[in-house]
Amino acid sequence: MLYLLWGCLILTVLVVGESPVYGQKIQELQSESAYFGNGPIVEPKPALDLVRVGQLIFARTNQFRDQEKRTPLKSNYQLTESAQAFADYLAKTDKFCHTADGKEPWDRTTKAGYQHCIILENIAYEYNSAGFTVQALANDLVRGWENSPGHRKNMLDPDVLEIGVGLARSSNTGRYYAVQDFGRPKSAMITFKVFNRTDAMLTYTIDDQTCTAGPNYTITYERSRPPELRFVWGEKANVTQAARRLFRPANGASYTVRTTEEKTVTVDGQ
């Protein structure tokens, strides 16, 4: 019997075969769907080496990123600790949603000591009455995430730098639960400055946000992701062509807007 529910699912199962279920979390709650029934399922023997499965998931995730021209992720022990603890919780309770334990993914990673500016999470479970090999379970989990648009987006996010992977098996249902936590540490936030050295109000946009700086103001910005900066000029404004271009601030960049002796407004910046 198939039930489609919103929120957290409390799951116990007696089935011969079952479709894998996946979930993701970025900055909002997600809906989930799952099959459920009654009764325990006996684990095929021998038990899988889930540490090895996690290592294979990590390696294949980086292979996928390499294929799509993304930089490789580094394994982070705090993200791994958080992902493993949540996988253990899902397996123990057979609940399946990103807030199954009453916490958000970033709450769990913070508790593990990871200071972040970006946190993304993928979850999934797999079950097969015939059992899995280590390689087959890793492949099935990663393939499922790759083929799901939201999970794929998390795996290929260009701005995350680190990952943690956790896996656990439910002794009640036989399901293997997997968690991927992706992070960008707070230390990697992008800081840049805008200096207004004119005698007029300065208007500019950072991504979709309109900002202003008064005469002789200096404003410092911090962003989790590389931003786009564009200064806003009137049609008749006497500014250099370079000042009209799109800027992409790197960490530590600064942009000084000034008026030259020729009464031309210019932007000096990296």
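Here is what the cut-offs are and how they apply
- Residues numbered from 1 in each chain as written.
- Predicted model: local features only at pLDDT ≥ 70, side-chain atom pairs only at ≥ 80, totals over all residues.
- Heavy atoms only, no water.
- Helix = DSSP H or I, 4+ residues; strand = E, 2+ residues; numbered from the N terminus.
- Buried < 20%, exposed > 50% of the residue type's maximum accessible area, 1.4 Å probe, protein only.
- Contact = heavy atoms within 4.5 Å.
- Areas by Shrake-Rupley, 256 points an atom, 1.4 Å probe, with all protein chains shown as cover.
- Pairing = 2+ DSSP bridges.
- Axes fitted to C-alpha atoms, helices over the stretch in contact; angles between N-to-C directions.
- Core = buried A, V, L, I, M, F, W, Y, C linked by side-chain atoms within 4.5 Å.

The protein goes by CAP domain-containing protein in an unreviewed UniProt entry, where it is assigned to Telmatocola sphagniphila.

So, the overall build of the protein
Looking only at helices and strands, one finds five helices and 14 strands in the protein. Here the protein holds 270 residues, and 47% of them are scored as buried. For the protein, long-range pairs separated by at least 24 residues make up 68% of all intrachain contacts whose partners lie at least 6 apart in sequence. Approximately 13800 Å² of the protein is accessible, and the part contributed by carbon and sulfur atoms is 51%.

Side note on the sheet that holds strand 12 (residues 229-231)
Pairing between the strands of a sheet comes from backbone hydrogen bonds, and it takes one of two forms, parallel or antiparallel. Spatial ordering of the open sheet is given by 10-9-12, a layout of three strands whose pairing is antiparallel. With partners counted over all chains shown, the strands left at the sheet margins are strand 10 (209-213) and strand 12, one partner each. Within the sheet, the average angular offset between the axes of one strand and its neighbour, ignoring direction, is 30°. In this sheet, strand 12 lies alongside strand 9 (residues 202-206) in antiparallel orientation, the contact comprising three bridges. Bridged to Thr205 within strand 12 is Arg230.

Some words on the nonpolar core
Counting 26 residues, the largest nonpolar core has Ile57, Leu137, Leu141, Trp145, Leu167 and Phe182 as the members making the most contacts within it. Sorting the residues of this core by element identifies helix 1 (50-67), strand 5 (116-126), helix 4 (134-146), strand 6 (162-169) and strand 7 (176-185) as the ones contributing at least two each. Core analysis: the next-biggest nonpolar cluster, separate from the first, contains 20 residues, Leu202, Ala213, Val239 and Val265 among them.

With respect to the pairing of strand 8 (residues 190-197)
In this structure, strand 8 lies alongside strand 11 (residues 218-223), joined through six bridges in antiparallel fashion. Looking across to strand 11, one finds that Lys193 is bridged to Thr220. As defined by bridge partners, strand 8 adjoins strand 13 (residues 254-259) across five bridges and the pair is classed as parallel. Looking at strand 13, one finds that Arg197 is bridged to Arg258.

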